[in-house]
Amino acid sequence: DIQMTQSPSSLSASVGDRVTITCRASQDIYTYLVWFQQKPGKAPKSLIYGASSLQGGVPSRFSGSGSGTDFTLTISSLQPEDFATYFCLQYNTYPITFGQGTRLETK
Amino acid sequence: QVQLEESGGGVVQPGMSLRLSCAASGFTFISSGMHWVRQAPGKGLEWVAVISYDGSDTHYADSVKGRFTISRDKSKSTLYLQMNDLGSEDTAVYYCAKDNHGSGSGGIGDWGQGTLVTVSS
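Residues numbered from 1 in each chain as written. Chains lettered and ligands numbered in written order. Predicted model: local features only at pLDDT ≥ 70, side-chain atom pairs only at ≥ 80, totals over all residues. Heavy atoms only, no water.

As a further point, take the nonpolar core. Membership of the largest hydrophobic core comes to 43 residues, with the highest contact counts inside it found for Leu89(A), Phe98(A), Trp36(B), Leu81(B), Met83(B), Tyr94(B) and Trp111(B). Residues contacting Met83(B), with those up to four places away along its chain left out, are Met16(B), Ser17(B), Leu18(B), Leu20(B), Arg67(B), Phe68(B), Tyr94(B) and Val117(B). (Core = buried A, V, L, I, M, F, W, Y, C linked by side-chain atoms within 4.5 Å. Buried < 20%, exposed > 50% of the residue type's maximum accessible area, 1.4 Å probe, protein only. Contact = heavy atoms within 4.5 Å.)

A separate point is the interface of chain B and chain A. It is common to give the size of an interface as the accessible area lost on bringing the parts into contact. With 19 residues of chain B in contact, the opposing surface of chain A contributes 17 residues. Buried surface at the junction of chain B and chain A, both sides included, amounts to about 1,500 Å², of which 62% is carbon and sulfur. Together, Leu45(B), Trp47(B) and Trp111(B) form the three largest contributors to the area buried by chain B at its contact with chain A, with a combined 38%. Across the contact surface, chain B and chain A share 0 salt bridges. Taken together, the links from chain B to chain A amount to 6 residue pairs in polar contact (both at pLDDT 80 or more). Residues belonging to the side of chain B that touches chain A are distributed by class as follows: 7 nonpolar, 11 polar and 1 charged. (Buried area = accessible area lost by both parts, 1.4 Å probe. Salt bridge = Lys/Arg side-chain N within 4 Å of Asp/Glu carboxyl O. Polar contact = N/O pair within 3.5 Å; in protein donor to acceptor, adjacent residues only side chain to side chain. Nonpolar A, V, L, I, M, F, W, Y, C, P; charged D, E, K, R; others polar.)

Considering the arrangement of structural elements, one finds Ser46(A) in strand β5 (residues 45-49). In this structure the side chain of Ser46(A) is engaged in a polar contact, spanning 2.8 Å, whose partner is the backbone oxygen of Ile108(B). At a separation of 2.9 Å, a polar atom in the side chain of Ser46(A) contacts the side chain of Trp111(B). Once residues lying within four places of it in the same chain are set aside, the contact partners of Ser46(A) are Val34(A), Trp35(A), Phe36(A), Gln55(A), Val58(A), Ile108(B), Gly109(B) and Trp111(B). (Helix = DSSP H or I, 4+ residues; strand = E, 2+ residues; numbered from the N terminus.)

Here we take up the side chain of Thr115(B). All names here are of chain B. Its location among the elements puts Thr-115 in strand β11 (residues 115-119). Only 3.2 Å separates the side chain of Thr-115 from the backbone nitrogen of Gly-9, close enough to count as a polar contact. Here Thr-115 is in contact with Glu-6, Ser-7, Gly-8, Gly-9, Leu-20, Ala-92, Val-93 and Tyr-94, once residues within four sequence places are set aside.

The structure is reproduced here in structure tokens:
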């Protein structure tokens, strides 16, 4: 199975900050990567697919980049509603596998 | 607006069976691949299974292969997960999810709210 490793595991930031989260795959997954957000007790919400394509309705402050094994999610200017946990998943190969998550907390 | 509403969760004894349902609306169900993903309490997410738009292709996680069956009913726009021989390791919130592609290989685009399955004696 492809292992997905996210960093950092947690991050403290303030409203207005630029935030970057990284996801590394254990083998080449081309651009078959999704980023999604999850708030406590809520359903996940997909943000980015194909490593860099914005899911419909997602604010443009979210962006994704990368290919192969190294990927980043960037939030250009953090908003209060963005404090949540962020995950990546790869869909290049079954089984689909997930990163362990990055908890974004208010500083 | 995509809506995915899971149902069928509950408390079940080890070794028993349960069937989850996911009622889909707001998109063309017959054109979309669909997934089940689960999250054990306080744990990360685990992909469970995928089915293509027409039901002809399915894939499963090794942890559920041979015990779980994913299926769909186009007349009811409903996705199912039949779960047999349940164990404590299957305790989790189960999410229904829509793929961005009909094959089921386009990445997960939309998620349901989830339904809790608790396996306990």
